[in-house]
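# Coordinate analysis (summary)
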Amino acid sequence: MANNMTDTITTSQNNNATTDNDNSNVAGHSWFNRPVPGVKQQLSAPLTAVETEPSTECSSCHSMITNTALIFNCYVCPHCDHHLPMSARERLQWLLEQVDGELGQEFVAKDPLRFVDSKPYPERMKEAQTKTGESEALIVMYGKLRNLDIVACAFDFRFMGGSMGSVVGDRFVQAAEKALAERKPLVCFAASGGARMQEGLLSLMQMARTAAAIERLRIAGVPYIVVLTNPVYGGVTASLAMLGDIHLAEPKAMIGFAGKRVIEQTVRETLEEPFQRAEFLLEHGVVDEVVHRHQLIDTIYRLLAKLCSQPNVSA
């Protein structure tokens, strides 16, 4: 009986060993033949134009727009219709179908006061010239707007805030004198923070000079149209920007003499929107019309053709 029990235990152990070997063989076989997952290639979306081209962020809706799209859309955001700033040279080349020449390049700013704030005035001028590629804050060109010969000037706000110094006054007066001599209408795109403090009283005198030149145009019956862009403040508002025969403004342009914060500190009241916006000034009779940039050239041409008694070729 002991032998029978021994045989039973041995047989059981042998069966268990056989089962373990079979299981290990099956496990090993299945492990070697398991499906091996391959490395899946991550399919990335193709790059958009915004990621591959130089782009600009809209200051209103913060969407990214390619510079090419902005140029074709006249620097108007296609998402929220916000009017982004244009440089003075781009503005004039956009307005004039044919540019016949440029005025005032011979004028050079000087430093009669030896003015120094955080840096000397000549150094600040060089930085602005390097940044913008322009020699001053006002660009003057003359040429054709369809069938009309006109003189046009534009402020570049990137150049020291479009501030009006002696050279800006010289160029504007030269533009007005050419318009007067040849009886061509004058168009001015204003964008400025005011008179240039680095030139002191000399910059303030440009207010009187430009006002006198505009008065000569008025007496001679030569049209003068002002387009107020964002922003227009200070001595420019108090002189050449508010002496036009017709005042147009781009949507939501900030226009005033003193800044909003300065006024709030003076009157000790909070001034809500749209205070100092173009639409606010239109309601109060300061601006004649608020014009979208896409319709601005047609509007300027239509007004000039009427004032100059010329046939409207777009009619």
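Okay, so let's go over this structure. (Residues numbered from 1 in each chain as written. Predicted model: local features only at pLDDT ≥ 70, side-chain atom pairs only at ≥ 80, totals over all residues. Heavy atoms only, no water.)

### Details of the overall build of the protein
The condition is simple: For the purposes of this entry, the term helix denotes a DSSP run of H or I that reaches at least four residues, the term strand denotes a run of E that reaches at least two, and both are numbered from the N terminus. Contacts are residue-level and defined by heavy atoms, with any inter-residue pair within 4.5 Å sufficient. Surface exposure here means Shrake-Rupley accessible area, sampled with a 1.4 Å probe, where a residue is shielded only by the protein chains that are shown.
Helix and strand counts for the protein stand at 11 helices and 9 strands. For the protein, the proportion of contacts with a sequence separation of at least 24, taken over those separated by at least 6, is 67%. Counting every atom, the protein has about 17600 Å² of accessible surface; 56% of that belongs to carbon and sulfur.

### Points about the packing of aromatic side chains
For the record, the criterion: Here a Phe, Tyr or Trp ring, Trp counted by its six-membered ring, pairs with any other such ring whose centre lies within 6.5 Å, and the pair is stacked when the planes are under 30 degrees apart, edge-to-face when over 60, and tilted otherwise. For a lysine, the NZ atom is tested; for an arginine, the CZ atom; a charge sits over a ring if that atom is within 6 Å of the ring centre and within 35 degrees of the ring normal.
Following the criterion strictly, the structure yields 2 aromatic pairs and no others. One residue, Arg146, lies across the ring of Tyr301, its end atom 4.9 Å from the ring centre.

### Structural notes on the pairing of strand 6 (residues 186-192)
Stated formally: The buried label goes to any residue with under 20% of its type's maximum accessible area, the exposed label to any with over 50%, and the partly exposed label to all in between, with areas taken from a 1.4 Å probe on protein chains only. A strand pair is defined by DSSP finding two or more bridges across the two strands. By convention a crossover is right-handed if, when the strands point away from the viewer, the path from the first strand over the helix to the second runs clockwise.
The buried fraction of strand 6 is high, at 7 of 7 residues. Neither face of strand 6 is exposed, since Leu186, Cys188, Ala190 and Ser192 on one face and Val187, Phe189 and Ala191 on the opposite face are all buried. As defined by bridge partners, strand 5 (residues 148-155) adjoins strand 6 across 4 bridges and the pair is classed as parallel. The partner of Ala152 across the bridge, within strand 6, is Val187. The β-α-β motif built from strand 5, the intervening helix 6 (residues 166-182) and the parallel element strand 6 has right-handed crossover chirality. Here strand 6 runs beside strand 7 (residues 224-232); their pairing, made up of 6 bridges, is parallel. Bridge assignment links Cys188 to a residue of strand 7, and that residue is Val226. Taking the sense of rotation as the criterion, the β-α-β connection linking strand 6, helix 7 (residues 201-220) and strand 7 turns out right-handed.

### Focus on the side chain of His292
So the rule is basically this: The term polar contact refers here to a pair of N or O atoms within 3.5 Å; inside protein, the definition further demands a hydrogen-donor-capable atom paired with an acceptor-capable atom, and it admits residues adjacent in sequence only when both atoms are side-chain atoms.
With respect to the element layout, His292 can be found in the loop between strand 9 (289-290) and helix 11 (293-307). Overall, the relative accessible area of 19% leaves His292 in the buried class. Within polar-contact distance, the side chain of His292 engages the backbone nitrogen of His294 at 3.0 Å. Apart from the residues within four sequence positions on either side, His292 is in contact with Val76, Asp81, His83 and Pro251.

### So, unusual backbone geometry
Put simply, Asn230 and Pro231 share a cis peptide bond, and its omega is -5°. Here the amide bond leading from Glu273 into Pro274 is cis, since omega sits at 5°, within 30 degrees of zero. If you trace the backbone, Pro274 turns up in the loop between helix 9 (260-267) and helix 10 (278-283). A positive phi angle is found at Tyr75, which is not glycine, with a value near 55°. Relative to the assigned elements, Tyr75 resides in the loop between helix 3 (67-72) and helix 4 (88-95). Given a relative accessible area of 15%, Tyr75 falls into the buried group. Although it is not a glycine, Met160 adopts a positive phi angle of roughly 50°.

No statement about biological role is implied by the geometric values presented.
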